[in-house]
Each structure stands twice: as structure tokens, then as C-alpha cells.
Amino acid sequence: MARALALVCTLSPSPKRSSSQLLADQIMTELSGLGIQGETLRVADHDVRPGVEQDMGDGDAWPQLRKKVMAADILLLSTPIWLGHPSSMCQRVLERLNADISETDEQGRQLTYGKVGLAAVVGNEDGAHKVSADIFQGLNDLGFTLPPGAVTYWVGEAQHGTDYQDLDQTPEAVASTTRTLAVNAAHLAQVLSDHPFPPSS
């Protein structure tokens with residue numbers, strides 16, 4: 001059975017409410033309905049040190065999170081938009097994943113080959129396409145495979161204070177996109193499990 005891991009990259013630690021958490025939870029619910037086991041972690045609840053090493057020492061929490069990433073078939077990064085960019089927490093996750101970019105298996109493939117990458121983006125300003133593009137490029141560089149429609153997002157009207165978590169109900173366009181993302185991710189994870197990438201060396 002495929003496994004999914006959602007890393008929620010809000011800047012707010014638990015138990016503060018988070019739109020990024022809400023959208024990630026909705027995606028994981030859809031994946032669960034497709035038979036995929038999942039776990040959701042808020043990165044701000046863990047002492048993930050800045051850097052590009054697998055272990056930055058001195059109580060760094062990334063090694064334990066990295067084990068969960070490596071055990072997952074699907075990785076979701078859920079982030080708010082800050083100043084038109086992914087959150088600094090999201091960027092930190094990508095930077096820490098970069099420590100594995102030169103690591104390969106016995107057939108010369110990156111350790112993340114065969115893993116599906118997804119993005120979720122929320123904000124009350126424009127920039128969801130730009131933010132998802134940043135995440136997509138990072139995940140692609142790191143060896144993840146992206147399904148069609150690899151992002152679901154919601155952005156409110158510019159210069160207004162409404163958050164996704166404040167909506168009375170999920171807009172149908174968001175719900176539909178989330179369902180499609182989950183179906184495509186589950187399908188791709190199964191395809192990659194049945195048909196691994198060929199040796200790279």
C-alpha cells in the first residue's frame with residue numbers, strides 16, 4: 001500500500017490555526033479514500049536547522065523527518081504565499097532535501113526516484129502559480145516525479161484579509177482540483193511502483 005507524507009510549511013507552530021494545514025488535511029483525506037495511508041506533520045513544530053546536510057547536529061530534527069520522506073511514496077509540500085514566494089519553511093525543506101541530491105542507489109538512481117511530488121498553496125494575495133512553479137522546479141531537481149495537476153490552491157482577493165480557513169465552505173473549484181490531484185497522484189505512485197525508472201548508470 002502506498003504511503004503519503006504531508007509537510008505543512010506554515011510559519012505558525014501548532015496549535016495555531018493554519019490554512020496550509022487545512023488544505024493539506026483535505027488532500028490527505030482524498031488520498032485516504034483511495035487507500036493511501038498518510039501522515040501530516042507541521043514543520044514549524046520541529047527544530048529543523050538551516051543548512052544543506054542530512055544532519056546539522058545539535059538536536060536537528062531533520063534526520064527523523066528525512067526518514068519519513070524516504071519511507072513515503074508521495075510527498076506533499078503545503079505552503080502559504082509570503083511576499084510572492086513559498087514560505088521560508090518550505091524553502092528550508094527543499095534545501096534540506098538537497099543534501100540527498102547526489103545520493104544514488106546501486107543502479108545510479110537518485111534516492112527519490114519513484115516518489116511523487118505534490119504542492120498545495122494558499123494565500124490572500126496573487127502568486128499561486130509562481131509559488132507552485134518554484135516548488136515544482138525544486139522537487140524535479142531533487143528527483144521527484146510530478147503528476148498532471150500536481151498542485152491545488154486557493155487565493156483570496158488581493159489586499160483582503162480573508163484566509164482559506166475562514167471560508168464557510170470549500171469552493172467547488174478547489175475541491176474538484178484537490179480530488180483530481182489525489183487521483184492522479186495515487187495512479188502515478190502505483191505506476192512508478194510497478195514500473196521503476198531504468199538504471200541511470
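Please read these numbers as outputs of a predicted model, since none were measured by experiment.

Rules behind the numbers
Residues numbered from 1 in each chain as written. Predicted model: local features only at pLDDT ≥ 70, side-chain atom pairs only at ≥ 80, totals over all residues. Heavy atoms only, no water. Core = buried A, V, L, I, M, F, W, Y, C linked by side-chain atoms within 4.5 Å. Buried < 20%, exposed > 50% of the residue type's maximum accessible area, 1.4 Å probe, protein only. Helix = DSSP H or I, 4+ residues; strand = E, 2+ residues; numbered from the N terminus. Contact = heavy atoms within 4.5 Å. Phe/Tyr/Trp six-rings, centres within 6.5 Å; stacked < 30°, edge-to-face > 60°. Polar contact = N/O pair within 3.5 Å; in protein donor to acceptor, adjacent residues only side chain to side chain.

*Asks:* How should I be thinking about the nonpolar core in this particular structure?
*Replies:* Nonpolar side chains in soluble globular proteins tend to be buried together. Counting 27 residues, the largest nonpolar core has L7, V69, L75, L77, V93 and L97 as its most contacted members. Elements with a minimum of two residues in this core: strand 1 (3-8), helix 2 (62-71), strand 3 (74-82), helix 3 (88-97), strand 5 (116-123) and helix 4 (128-141). At five residues, the largest contribution of residues to this core is made by helix 3. Listed in part, the 26 residues of the second largest apolar core include V8, L23, L118 and L181.

*Asks:* Just checking my understanding: could you explain the environment of V121 for this structure?
*Replies:* If you trace the backbone, V121 turns up in strand 5. A relative accessible area of 0% means that V121 is categorised as buried. Residues V121 and E103, 18 residues apart in the sequence, show an inter-C-alpha distance of 29 Å. The residues touching V121, leaving out its near neighbours within four places in the chain, are L23, T79, I81, A128, V131, S132, V151, T152, Y153 and W154.

*Asks:* Just to check I follow, could you spell out the packing of aromatic side chains for this structure?
*Replies:* For any two aromatic rings, the description comes down to two numbers: the centre-to-centre distance and the angle of the planes. One pass over the structure, following the stated rule, counts two aromatic pairs. Aromatic side chains W154 and Y164 sit 5.7 Å apart centroid to centroid with 40° between the ring planes, which places their arrangement in the tilted category. Remark: Y164 occurs in the loop between strand 6 (151-155) and helix 5 (172-194) and W154 occurs in strand 6; sequence separation between them is ten residues. Residue classification places Y164 among the buried residues on the basis of a relative accessible area of 3%.

*Asks:* I keep staring at the side chain of T152 and nothing clicks. Help me out?
*Replies:* Counting through the fold element by element, T152 comes out in strand 6. Classification of T152 as buried rests on a relative accessible area of 0%. At 3.0 Å, the side chain of T152 and the side chain of T178 are in polar contact. Apart from residues lying up to four places away in sequence, T152 is in contact with L23, I27, A119, A120, V121, V174, T177, T178 and L181.

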